Amino acid sequence: MLSEEIRQILREELEDLRARIIANMERADQVVSGKTRDSMQVTVQGNAGVLTGRRAFATLETGSRPWSRKPKRTPKWFADLIGEWIDQRGLDLNQWAVAHTIIHKGSKLYREGGRSDIYSPELQKTIDRIGDRILDQYSVLVTDRLIINKPTQIQA
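Keep in mind that this is a model prediction, so the values were computed, not measured.

Considered as a void within the structure, the largest pocket measures approximately 1,600 Å³ in volume. Surrounding the largest pocket, 42 residues form its lining, T59, S64, W85, I102 and S107 being those nearest its centre. Counting residues per element, the ones that place at least two in the lining of the largest pocket are α2 (35-39), α3 (59-62), α4 (76-89), α5 (95-105) and α6 (108-111). Of all the elements, α4 adds the most residues to the lining of the largest pocket, at 8 residues. Of the residues assigned to the lining of the largest pocket, the class counts are 18 nonpolar, 12 polar and 12 charged.

Next up on the list: the pairing of strand β1 (residues 41-45). Side chains V42 and V44 project from β1 onto a buried face, and the interleaved Q41, T43 and Q45 project onto a face without burial. Sheet topology note: the β1/strand β2 (residues 48-52) ladder contains 5 bridges and is antiparallel. Residue pairing in the sheet places V44 in a bridge with G49 of β2. Once β1 ends, the chain turns through 2 residues before running back antiparallel as β2, passing G46 with a positive phi of about 60 degrees.

Owing to its 3.6 residues per turn, the α-helix brings residues three or four apart onto one side. For α4, which comprises 14 residues, the first-to-last C-alpha distance of 20 Å matches the rise-based estimate of 20 Å (1.5 Å per residue) to within 8%. Packing partners of the buried residues in α4 comprise α5. Looking at the residues trailing α4, positive phi occurs at G90, about 70 degrees.

Within the largest apolar cluster, 17 residues are counted, with the highest numbers of intra-cluster contacts made by I21, M25, M40, F57, L60, I118 and Y119. Of all elements in the fold, only α1 (2-27), β1 and α7 (120-148) reach the threshold of two or more residues within this core. The element best represented in this core is α1, accounting for 8 residues. In contact with M25, other than residues within four places in its own chain, are Q30, V31, T36, R37, M40, L60 and I118. The next biggest cluster of nonpolar side chains, apart from the first, holds 8 residues, and it includes A79, I86, I102 and I103.

What counts as what
- Residues numbered from 1 in each chain as written.
- Predicted model: local features only at pLDDT ≥ 70, side-chain atom pairs only at ≥ 80, totals over all residues.
- Heavy atoms only, no water.
- 1 Å grid on protein atoms, 1.4 Å probe; cavity = no way out; pocket = protein on both sides within 12 Å on 5 of 7 lines; lining within 4 Å.
- Points joined across faces, edges and corners; volume = space filled by probe spheres on them.
- Helix = DSSP H or I, 4+ residues; strand = E, 2+ residues; numbered from the N terminus.
- Nonpolar A, V, L, I, M, F, W, Y, C, P; charged D, E, K, R; others polar.
- Buried < 20%, exposed > 50% of the residue type's maximum accessible area, 1.4 Å probe, protein only.
- Pairing = 2+ DSSP bridges.
- Expected span 1.5 Å × (residues − 1).
- Contact = heavy atoms within 4.5 Å.
- Core = buried A, V, L, I, M, F, W, Y, C linked by side-chain atoms within 4.5 Å.

Any functional reading would require information that these geometric values do not contain.
Given below as structure tokens:
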């Protein structure tokens with residue numbers, strides 16, 4: 001019974017974490033195509049829970065660093081990907097120039113030092129809340145057992 005309660009706590013807190021991260025992404029105007037937002041999934045198995053996201057998830061705060069192996073020419077697939085992003089943003093930029101800059105210098109967010117307001121502050125809040133709620137469950141269990149197993153007093 002307690003394991004199911006722990007799984008429920010994990011599920012609720014991780015879903016709440018997901019919702020807070022999405023709200024932070026929207027507030028920071030970081031939802032463009034919705035791919036990163038939609039990639040976040042909560043999985044709870046046994047007494048473990050995980051919030052996963054697409055591979056580029058960390059770039060929400062760090063930005064994209066320059067490529068370690070810079071190609072001689074900007075790959076078409078990357079320029080096209082940047083072109084989609086530019087179109088979705090409604091910007092008037094050259095996709096090849098932006099792609100080249102990201103490959104060689106990193107994204108603007110990266111060059112400006114990143115940010116820490118999308119998921120970082122939410123992680124510790126969630127860890128603390130999970131810990132508090134699970135501790136509450138154990139204290140209820142201990143209290144219930146103490147009451148149930150309390151020896152009866154016999155008066156002489």
